[in-house]
Amino acid sequence: MDPEIAALAGTAGTTVTTLMVTNAWEAAREGVVALWRRFQPARADSIRAELEAGREDLLLAREAGDAGSEAELTAEWQGRLRRFLLAQPEAADALRRVLDELNPSPSGEPAAQQIHLRAQASGSARVYQAGRDQHITER
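Residues numbered from 1 in each chain as written. Predicted model: local features only at pLDDT ≥ 70, side-chain atom pairs only at ≥ 80, totals over all residues. Heavy atoms only, no water.

## Examining the overall build of the chain
Broken down by element type, the chain carries 5 helices and 0 strands. N-terminal to C-terminal, the α/β element order of the chain is α-α-α-α-α. Within the chain, buried positions represent 32% of all 139 residues. Relative to all contacts within the chain whose residues are 6 or more apart in sequence, the contacts with residues 24 or more apart total 61%. Per element, the accessible surface of the chain, about 9000 Å² overall, is 48% carbon and sulfur. (Helix = DSSP H or I, 4+ residues; strand = E, 2+ residues; numbered from the N terminus. Buried < 20%, exposed > 50% of the residue type's maximum accessible area, 1.4 Å probe, protein only. Contact = heavy atoms within 4.5 Å. Areas by Shrake-Rupley, 256 points an atom, 1.4 Å probe, with all protein chains shown as cover.)

## What about the packing of aromatic side chains?
Overall, the coordinates contain 2 aromatic pairs when judged by the stated rule. It is Arg-80 that lies over the ring of Trp-77; its NZ or CZ is 4.3 Å from the centre. (Phe/Tyr/Trp six-rings, centres within 6.5 Å; stacked < 30°, edge-to-face > 60°. Lys NZ or Arg CZ within 6 Å of the ring centre and 35° of its normal.)

## Quick look at the packing of helix H2 (residues 25-39) against helix H4 (residues 67-87)
The packing of two helices is summarised by the inter-axis angle and the distance between the axes. Running from amino to carboxyl end, H2 crosses H4 at an angle of 30°, the nearest separation of the two axes being 12 Å. Relative to H4, H2 is oriented roughly parallel. Note on packing geometry: the crossing formed by H2 with H4 is left-handed. In contact with Leu-35, Trp-36 and Phe-39 of H2, H4 contributes Arg-80, Leu-81 and Phe-84. (Axes fitted to C-alpha atoms, helices over the stretch in contact; angles between N-to-C directions. Parallel < 35°, antiparallel > 145°, perpendicular 65-115°, else oblique. Left-handed = near helix turned anticlockwise from the far one by under 90°.)

## Description of the environment of Ala-12
Along the chain, Ala-12 turns up in helix H1 (residues 3-19). The buried category is assigned to Ala-12, whose relative accessible area is 0%. Residues Ala-12 and Arg-82, spaced 70 residues apart in sequence, show a C-alpha to C-alpha distance of 9.2 Å. Sequence-distant contacts of Ala-12, defined by excluding residues within four places in its chain, comprise Leu-81, Leu-95 and Leu-99.

## Examining the nonpolar core
Grouped together as the largest cluster of nonpolar side chains are 30 residues, with contacts concentrated most on Met-20, Leu-35, Trp-36, Leu-51, Phe-84, Leu-85 and Leu-95. If you list the elements that add at least two residues to this core, you get H1, H2, helix H3 (44-64), H4 and helix H5 (92-102). Of the residues forming this core, the biggest block, 7 residues, is contributed by H2. Setting aside anything within four residues of it in sequence, one finds Leu-51 in contact with Val-16, Met-20, Trp-25, Arg-29, Val-32, Val-33 and Trp-77. (Core = buried A, V, L, I, M, F, W, Y, C linked by side-chain atoms within 4.5 Å.)

## A word on the pattern of salt bridges
Applying the stated criterion to the full structure yields 9 salt bridges. Its salt-bridge partner being Glu-76, residue Arg-80 comes within 3.5 Å of it at the nearest N-O pair. Highlighted residues: Arg-80 and Glu-76, both in helix H4, separated by 4 residues, approximately one helical turn. Within the structure, one salt-bridge network assembled from shared partners comprises Arg-29, Glu-30, Arg-48 and Glu-52. (Salt bridge = Lys/Arg side-chain N within 4 Å of Asp/Glu carboxyl O.)

Put into structure tokens, the structure is as follows:
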């Protein structure tokens, strides 16, 4: 599987689940449903219903202090979005646009597409990586 698709699906699934309990929920839901309506129209209504059911489950889980349910729901949407992108790879750019609309950068510029960090350390080496600001104070 393309690592870029996997990363995009992971980010999107986490974003959708996180936004289920925020004021941005309706925009997130409509963005995801619009993707399905455009690329897999027959499933759009069922996706809307599954998003709403997931939100209700998440709200109940949060009330009960059940963090495990939130993790399961996140993994479920990551997998669903991954399968969607594998079936419709041309939807990746549209999904990125939805995510950019849901997570605008503070400057108003479109958010960075992706950040890939890799490191390998051995012996007593140290690796410091950051996608943005990083402050290190060693003593």
